[in-house]
Amino acid sequence: MAQEQAKINHLAALNDLSCNEDYLSINYGEPPQASISPPNLPQFLVELMDDKQCGLQILLSKEKETHTKLSTCFLKADMYLIASARKEAIQWILAVNSYHDFSALTAVLSVNYLDRFLLSLLSRRDMPMKPWMVQLTAVACLSLAAKVEETYVPLLIDLQVEKSKYVFRPKSIQEMELLVLSLLDWKMNPVTPLSFLSYIIKKVPLAEHKHMEFSALFEHLLLSVVSDFRLVHYLPSVIAASVTLHVVKHMDFGDENVDFCKNELCAFLQLNKEKLEACYQLIRTSLSNGGHIAINHN
């Protein structure tokens, strides 16, 4: 019943996305009038023109709702208890992500699932997490993320490469996948820092032929610091803006352009400058302390 209801809800959501098409009739029998004021644009064209801005507002609204829940779990939990196991698990995720040539988004989604799952369990304080449980969760989260994002997903036994400390049976991974899906309420397309990349790149004073280089550096820096659990404190938009400033500095934009970018990011992403600066410094510290480097060559 639950699966059928989910399908019904999904179809209803698709119906909501459809637009009504109004066909314009033209009377060829009447001569053109001397002075006609230009007609208003049809509503569906106005909506198409505002689509980008509307999409950004939806992302900002959605991330705040999700982050509020995550922050509540974070306050109840003690992440320091599993910080080491989490970092090891994420380093494994990044290594396997690179081994299978998965996208950066697959890795970011995996970490998002992992954090939401761990925080959900830790906040309950009735299910002690052991290192092998964190690793099993990491395998399940990477598998789920690959199913969401990749066109080819290896067998579960083939997913466990790159010096896996533990090797789990496919059945155990599948059972953990179901548990992760259940605790995450099947919400597998969260807002991440990468959600804002297409919006940010149009605000950066950069020649179009440099966009690919900017995107690659953005993904590289994000994956370099994603294992730092302190980033859970910050909204994805704040993390995205902070990573952008580091990329801009790396690409030698000049101080004037860096300041311009900071103001632009704060304006269109509706950011608090103090939080942006704090996140920027945290990423800077994490990088200087040897943040995990993981370059994907997609």
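Shown above is the structure to which this text applies.
A brief report on the enclosed structure follows. (Residues numbered from 1 in each chain as written. Predicted model: local features only at pLDDT ≥ 70, side-chain atom pairs only at ≥ 80, totals over all residues. Heavy atoms only, no water.)

### Quick word on the environment of Glu264
With respect to the helices, strands and loops of the structure, Glu264 is situated in helix α12 (residues 255-268). In sequence terms Glu264 and Lys203 are 61 residues apart; their C-alpha atoms lie 7.1 Å from each other. (Helix = DSSP H or I, 4+ residues; strand = E, 2+ residues; numbered from the N terminus.)

### Quick notes on the packing of helix α5 (residues 104-122) against helix α10 (residues 211-225)
As a packed pair, α5 and α10 sit with axes 10 Å apart at the nearest point and diverge in direction by 30°. Taken together, the axis directions place α5 and α10 in an arrangement best described as roughly parallel. The chirality of how α5 crosses α10 is left-handed. Residues Ala104, Ala107 and Val108 of α5 form the contact with α10, whose participating residues are Glu219, Leu222 and Leu223. Among the residues forming the contact of α5 with α10, the class breakdown is 5 nonpolar, no polar and 1 charged. (Axes fitted to C-alpha atoms, helices over the stretch in contact; angles between N-to-C directions. Parallel < 35°, antiparallel > 145°, perpendicular 65-115°, else oblique. Left-handed = near helix turned anticlockwise from the far one by under 90°. Contact = heavy atoms within 4.5 Å. Nonpolar A, V, L, I, M, F, W, Y, C, P; charged D, E, K, R; others polar.)

### Some words on a nonpolar patch on the surface
A cluster of nonpolar residues, Leu155, Ile157 and Val167, forms a patch on the protein surface that exposes about 310 Å² of accessible area. Checked against the element boundaries, Leu155 lands in the loop between α6 (131-149) and α7 (156-159). (Patch = residues over 30% accessible without salt bridge, like charges linked within 9 Å, V, L, I, M, F, W, Y side chains within 5 Å. Areas by Shrake-Rupley, 256 points an atom, 1.4 Å probe, with all protein chains shown as cover. Salt bridge = Lys/Arg side-chain N within 4 Å of Asp/Glu carboxyl O.)

### Here's the deal with helix α8 (residues 170-183)
Compared with the 20 Å implied by 1.5 Å per residue over 14 residues, the 20 Å span of α8 between its first and last C-alpha is a close match. All of the buried residues in α8 are Ser172, Ile173, Met176, Glu177, Val180 and Leu181. Among the structural elements, α5, α6 and α7 are those in contact with the buried residues of α8. The positive-phi residue at the C-terminal boundary of α8 is Asp185, with phi of around 55°. (Expected span 1.5 Å × (residues − 1). Buried < 20%, exposed > 50% of the residue type's maximum accessible area, 1.4 Å probe, protein only.)

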